[in-house]
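Geometric and topological summary
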Amino acid sequence: VVLVVIVLFGALTVEVDDTAVRLRFGVGLVRKNFSLADVASCQPVRNPWWWGWGIRLTPGGWLYNVSGLDAVELVLKNGKKFRIGTDEPRPLAEFIQAKLKQVV
């Protein structure tokens, strides 16, 4: 059971292109995509330690995280919030913000 959890959730890969932010846990069976056209804002944030790791519904919205406290918060145009755990929140947020400026 522990091996399956590690394979499915041991790593979080974040990819950003001209149309979307894509998340993939482990080998890719668990995925989440956000269309850039739906994103209203993006900023680096720090999560409280008690929010933990994994995929969780927190008081601040959904959290996708495998380690650490740093994250990037996406606020969608419909008001929903999502946090993506990352070791480099500022560069990721800046890159997403640059892509948002390109979205028409």
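Before any of the text, the structure's been laid out above.
Let me sum up the structure you'll find in this document.

Quick notes on a nonpolar patch on the surface
A contiguous nonpolar patch, built from V1, V5, F9, I55, L57 and W62 and spanning about 600 Å² of accessible area, is present on the exposed surface. Elements that contribute at least two residues to the nonpolar patch include exactly α1 (2-9) and β5 (54-58). Residue position: W62 is located in strand β6 (residues 61-65).

Regarding the side chain of E73
Position of E73 among the secondary structure elements: in strand β7 (residues 70-76). Polar contacts involving the side chain of E73 include one to the side chain of R83, which spans 3.1 Å. Setting aside residues no more than four positions away along its own chain, E73 makes contact with S41, C42, Q43, V45, G60, K81, F82 and R83.

Considerations on the sheet that holds β7
Across the sheet, which stays open at both edges, the five strands sit in the order β4-β7-β8-β6-β5 with mixed pairing between neighbours. Two strands in the sheet have a free side with no partner beyond their single neighbour: β4 (39-46) and β5. Within this sheet the neighbouring strands show an average axis-to-axis angle of 20°, counted without direction. Where β4 lies against β7, seven bridges are found, and the strand directions are antiparallel. Residue V45 lies in a different strand from β7, and its bridge partner there is A71. In this fold helix α2 (residues 89-102) packs onto β4 and β7, with an angle of close to 170° to the strand it touches most, β4.

Side note on the nonpolar core
Within the largest apolar cluster, 19 residues are counted, with the highest numbers of intra-cluster contacts made by V21, F34, L74 and I96. Looking at this core, the elements that each hand over two or more residues are β1 (12-16), β2 (20-25), β4, β7, β8 (81-85) and α2. The biggest single contributor to this core is α2, with four residues. Filtering out sequence-adjacent residues up to four positions away, I96 remains in contact with V16, V21, L36, C42, V72 and L74.

What counts and what doesn't
- Residues numbered from 1 in each chain as written.
- Predicted model: local features only at pLDDT ≥ 70, side-chain atom pairs only at ≥ 80, totals over all residues.
- Heavy atoms only, no water.
- Patch = residues over 30% accessible without salt bridge, like charges linked within 9 Å, V, L, I, M, F, W, Y side chains within 5 Å.
- Areas by Shrake-Rupley, 256 points an atom, 1.4 Å probe, with all protein chains shown as cover.
- Salt bridge = Lys/Arg side-chain N within 4 Å of Asp/Glu carboxyl O.
- Helix = DSSP H or I, 4+ residues; strand = E, 2+ residues; numbered from the N terminus.
- Polar contact = N/O pair within 3.5 Å; in protein donor to acceptor, adjacent residues only side chain to side chain.
- Contact = heavy atoms within 4.5 Å.
- Pairing = 2+ DSSP bridges.
- Axes fitted to C-alpha atoms, helices over the stretch in contact; angles between N-to-C directions.
- Core = buried A, V, L, I, M, F, W, Y, C linked by side-chain atoms within 4.5 Å.
- Buried < 20%, exposed > 50% of the residue type's maximum accessible area, 1.4 Å probe, protein only.

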